[in-house]
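# Notes for the structure review
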Amino acid sequence: MKFLKVFLNSLISGLFFSALLAVLIYDININTEFSLPFLGQITLFLMITYGSAIFIFSIIIFFIIQFISGKNIQLFYISPPFLSLSFSLIIFLFLLIFRSNYHYFHSFFSPFTENLIQFQFIALTILAFSGLIIFFTYLRKRKPGVMWVYFILFSLTMSLVIYQRTRYPSINLPEKVAHLQAKKIHKRVTLIGMKGLSFDFIIPLINEDKLPNFSWLMEEGSWGRLKSFPPTDEVILKSSLNTGKLPFNHRRISPFQYKLWNTHRKIEVVPRYIFFRQLLRAGILQIEPQQPPTYTKDIWKIFQDNHTPFLLKTNPEEKNWENPSPKSQTLFNLFYKDLNFETSDIFQKAKKAFYSDCEFELNVMEEKNQVQPQLLSFHLDGLNTVEAYFYQYSFPDLFGDIEQEELNKFSGVIERYYQFYDQIIGKHLASLKENELLVVYSPYGIEPLPLWKRFVEWMLGNAEISAYHEMAPEGVVFFYGTEVVRGEYVEKTKLIDIAPTILYYLGLHVGLDMDGIAKTSVFKEEFRAENPVPYISSYDEITIKSPQ
């Protein structure tokens, strides 16, 4: 009979933990309209896994405590002391998960939403401490009324927590209220993204005279560290780069949708730090790609409406890297001739990355020469992949024992990839026009995988990974052109500053609703004096009229 009572109370505890996680899922899914039935469905879904874990853990802990105390602990079928203690401990566990997710998804929350979430956190913290105080007060005085106080407080707190989520601002598409005349643009911009660039590699290699074109950008242009934010999913960072807005403004927060087995509704984002994605392996969580809807104009839509010719190549097509062109093979032999016949799985990843980058960049240059756009944008992904797998060979002291034979083969793989990118930059420097601005950037850098993360990757079968960018370490940005200040270090540049800076350089208006700012300090004083920053309230509220 006692086991049944422990069973029921533990089951309620598991259900409560599942409900808290369901609130967290709703908190980070800012585009999902709140629905109490859907919250219940998420709770039941989570009960299968996380709720069951708490349920089993609660049973085990109860009987351990009873055994250690040597007493026969009495319980009701629904026991207020049991629940007040277990709820408090569960809340403390949840707050750790909650806070970690809050920091990771911080860019999703507007100042108003942040206040709502902080209220949730404070309310739950007060409830957790209150539960402990009331539990120990009950043990001393054995007054049932104390428990009634707790459950009244519990009901009010959970109602307020859920109410805060219902206050999330909904998506409002602005109406067109004004017109703006299209403007003839006489300048040019080339925007090159090279994911994974880090000054941890660039500066030492420049000091060794191995990156002449990166060195030129630093000496003859303006440069600095580029601050980004997690999550570092491509669709999120690309949207922030192109709009000058943080995710809570552009609302493109995931390239995927997740479907729970017990509901037809979908969510875009899943919590971190609780192995949630591993539910995919169990088949109780399904994932599918999505093209997130567009709620705000980006600079490419602005250029299109302004009738400014551009070439946007941000998503390389899949290439058959096993059959590269002769030009790609020649470049590969230039940088990796000694590893041309290396067949290890890890180097095949580097080889694939190199050929994919090389083929894509060659195609971009060919199309650029045909189209002659005023604005060109493309990005390369290969270095990011190479750093993830070969970081340990560049910094072996951070990773314990590594076989000397592997060090001899792979210690220069990342270095030579930087030299490959340096050559690409040299090519675009040589082709720059007189009135052209070159921007080279990486939205994030790279950092070594911490020990706990290495263990997790090993458990998941990814033991070769030694570096990551999930927490958005600082990237880099370089500006070069005739109007750019020479040898200037630009402080506190953000990813969201690039779009307004490009608009400013081209003489177009900067939206006041952009979270980024035009980095005018990049440009010479005389250019700034002749070109004050023109502002409009928002490009989303205007229609750009074609020239007559």
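Sequence order sets the numbering: in each chain, residues are counted from 1 along the sequence as written. Local features in this predicted model are restricted to residues whose pLDDT is 70 or higher, and side-chain atom pairs enter the listing and the counts only when it is 80 or higher, whereas totals over whole chains, interfaces and linings include all residues. Based on all heavy atoms of the structure, the side-chain values leave hydrogens and waters out of the count.

Another aspect to go through is the overall build of the protein chain. For the protein chain, the count of helices and strands is 19 helices and 17 strands. Residue contacts follow a heavy-atom distance rule, with two residues in contact if any of their heavy atoms lie within 4.5 Å. Taking the contacts inside the protein chain whose residues are at least 6 apart along the sequence as the reference set, 80% of them involve residues at least 24 apart. Note on areas: Shrake-Rupley with a 1.4 Å probe; residue coverage comes only from the protein chains shown. Of the accessible surface of the protein chain, which amounts to about 26,000 Å², a share of 58% is contributed by carbon and sulfur atoms. Looking at charge distribution, the protein chain has the averaged site of its 52 positive side-chain charges lying 10 Å from that of its 53 negative ones. Helical segments are the DSSP runs of H or I of at least four residues, strand segments are the runs of E of at least two, and each set is numbered from the N terminus. Charged-residue counts in this description rest on Lys and Arg as positive and Asp and Glu as negative, His and the chain ends being excluded. Note that the charge is assigned to NZ on lysines, CZ on arginines, CG on aspartates and CD on glutamates.

Turning our eyes to something else, we now look at the side chain of arginine 251. Mapped onto the elements of the fold, arginine 251 is located in the loop between α9 (247-250) and β4 (256-260). In this scheme, a residue with accessible area under 20% of its type's maximum is buried, one over 50% is exposed, and one in between is partly exposed, where area comes from a 1.4 Å probe on protein chains only. Take a side-chain nitrogen of Lys or Arg and a carboxyl oxygen of Asp or Glu: if they are within 4 Å of each other, that pair is a salt bridge. Here arginine 251 sits buried without a salt bridge, and the closest side chain of opposite charge, glutamate 268, lies 7.7 Å off (N-O distance). Residues within four places of arginine 251 in sequence aside, it is in contact with Ile30, Asn31, Pro169, Ser170, Ile171 and Tyr295.

Where strands meet in a sheet, backbone hydrogen bonds hold them as pairs that are either parallel or antiparallel. Taken in spatial order, the three strands of this open sheet run β5-β4-β6, and their pairing is antiparallel. Taken across any chain shown, the strands that pair with only one partner, and hence form the sheet edges, are β5 (266-267) and β6 (285-289). Any two strands with at least two DSSP bridges between them are considered paired. In this structure, β4 lies alongside β6, joined through five bridges in antiparallel fashion. Along β6, the bridge assignment pairs leucine 260 with leucine 285.

A word on unusual backbone geometry. A cis amide bond, omega -5°, links proline 230 with the succeeding residue proline 231. Residue aspartate 209 is not a glycine yet carries a positive backbone phi of 60°. Relative accessible area serves as the criterion here: at 68%, aspartate 209 is assigned to the exposed category. Unusually for a residue other than glycine, histidine 307 sits at a positive phi of about 60°.

Turning our attention to the pairing of strand β2 (residues 188-194). With six of seven residues buried, β2 lies mostly within the body of the structure. Bridging between β2 and strand β9 (residues 436-442) involves six bridges; their strand directions are parallel. Its bridge partner lying in β9, isoleucine 192 is registered against valine 440.

All right, on to empty space enclosed by the protein then. Definitions used for this entry: grid spacing 1 Å over protein atoms alone; cavity, a set of points where a 1.4 Å probe fits but cannot get out; pocket, an open set with protein on both sides within 12 Å along at least 5 of 7 lines; lining residue, one with an atom within 4 Å of a point. Grid points are joined across faces, edges and corners, and a volume is the space filled by probe spheres set on the points. Counting across every chain of the model gives three cavities of 30 Å³ or more. Taken as a whole, the largest cavity holds about 130 Å³ of empty space. Every residue along the wall of the largest cavity is listed here: Gly193, Met194, Lys195, Glu234, Leu237, Lys238, Leu241, Thr314, His379, Tyr441, Pro443 and Leu495. For the lining of the largest cavity, the elements supplying multiple residues, two or more each, are β2 and α8 (234-243). Ranked by residues supplied to the lining of the largest cavity, first place goes to α8 with four residues.

Attention now moves to the packing of helix α6 (residues 199-207) against helix α16 (residues 413-430). Geometry is summarised by axes, namely lines fitted to C-alpha atoms with helices restricted to the contacting stretch, and by angles between N-to-C directions that run from 0 to 180 degrees. For the pair α6 and α16, interaxial distance at closest approach is 11 Å and the crossing angle is 80°. Our classification of the angle between α6 and α16 gives roughly perpendicular. Side by side, α6 and α16 meet where Phe201, Ile202 and Leu205 of the first sit next to Ile414, Glu415 and Tyr418 of the second. The cut-offs work like this: below 35 degrees is roughly parallel, past 145 is roughly antiparallel, 65 to 115 is roughly perpendicular, and the gaps in between are oblique.

What follows covers the packing of helix α3 (residues 80-104) against helix α4 (residues 111-141). The contact between α3 and α4 brings their axes to 8 Å, and the two run at 155°. Between α3 and α4, the crossing angle belongs to the class labelled roughly antiparallel. Crossing of α3 against α4: the hand is left-handed. Handedness of a helix crossing follows the sense of rotation of the near helix relative to the far helix, less than a right angle counterclockwise being left-handed and clockwise being right-handed.

With that settled, consider the pattern of salt bridges. Enumeration according to the criterion identifies 17 salt bridges in this entry. One salt bridge connects arginine 486 with glutamate 220, and the closest N-O pair in it is separated by 2.7 Å. Remark: glutamate 220 occurs in helix α7 (residues 212-220) and arginine 486 occurs in the loop between β12 (475-480) and β13 (488-489); sequence separation between them is 266 residues. Residue glutamate 220 is classed as buried on the basis of its relative accessible area, which comes to 16%. Lysine 453 is the salt-bridge partner of glutamate 470, the closest N and O atoms lying 3.2 Å from each other. Here glutamate 470, found in the loop between β11 (467-468) and β12, pairs with lysine 453, found in helix α17 (residues 451-459); they are 17 residues apart in sequence, far enough to count as distant. In the salt-bridge network here, residues are joined through shared partners; they are Lys195, Glu234 and Asp381.

Moving on: the environment of threonine 543. Within the secondary structure, threonine 543 is located in strand β17 (residues 542-545). Its relative accessible area of 32% is what places threonine 543 among the partly exposed residues. In the structure, threonine 543 is positioned 366 residues away from valine 177 in sequence and 8.0 Å away in space, judged by C-alpha atoms. Once you skip the residues sitting within four places of it in the chain, threonine 543 turns out to touch Lys176, Ala178, His179 and Leu180.

So, on to the packing of aromatic side chains. Two rings from Phe, Tyr or Trp (for Trp, the six-membered ring) form a pair when their centres are within 6.5 Å of each other. A pair whose planes differ by under 30 degrees is stacked, one over 60 is edge-to-face, and the rest are tilted. For the structure shown, the criterion picks out 56 aromatic pairs. Here phenylalanine 347 and phenylalanine 410 contribute two aromatic rings whose centre-to-centre distance is 6.3 Å and whose plane-to-plane angle is 10°, an arrangement assigned as stacked. Of this pair, phenylalanine 347 sits in helix α13 (residues 345-371) while phenylalanine 410 sits in helix α15 (residues 404-410), and the two are 63 residues apart along the sequence. In this pair, the class of phenylalanine 347 matches that of phenylalanine 410, namely buried. Measuring from ring centre to ring centre gives 5.6 Å for tyrosine 505 and phenylalanine 523, while their planes differ by 15°; the resulting arrangement is stacked. With tyrosine 505 in helix α18 (residues 498-506) and phenylalanine 523 in the loop between β15 (510-511) and α19 (525-530), the pair connects residues that are 18 residues apart, well separated along the chain. Each of the two residues, tyrosine 505 as well as phenylalanine 523, counts as buried.

Right, let's talk about the side chain of glutamate 387 for a bit. Residue placement: glutamate 387 occurs in helix α14 (residues 382-394). At 12 Å, arginine 225 is the nearest oppositely charged side chain to glutamate 387, a buried residue that forms no salt bridge. Each residue touching glutamate 387, except ones within four places of it in the same chain, is listed here: Gly196, Phe201, Ile414, Tyr418, Ile446, Ser466 and Ala467.

Moving on, we come to the nonpolar core. What makes a nonpolar core is a set of buried Ala, Val, Leu, Ile, Met, Phe, Trp, Tyr and Cys residues whose side-chain atoms join them at distances within 4.5 Å. Grouped together as the largest cluster of nonpolar side chains are 106 residues, with contacts concentrated most on Leu46, Phe109, Phe276, Phe303, Leu503, Leu506 and Tyr539. The contact partners of phenylalanine 109, leaving out residues within four places of it in the chain, are Asp27, Ile28, Ile30, Tyr102, Glu114, Ile117, Tyr168 and Phe248. Residues Leu339, Phe420, Leu429 and Ile446 belong to the second largest nonpolar core, which totals 63 residues.

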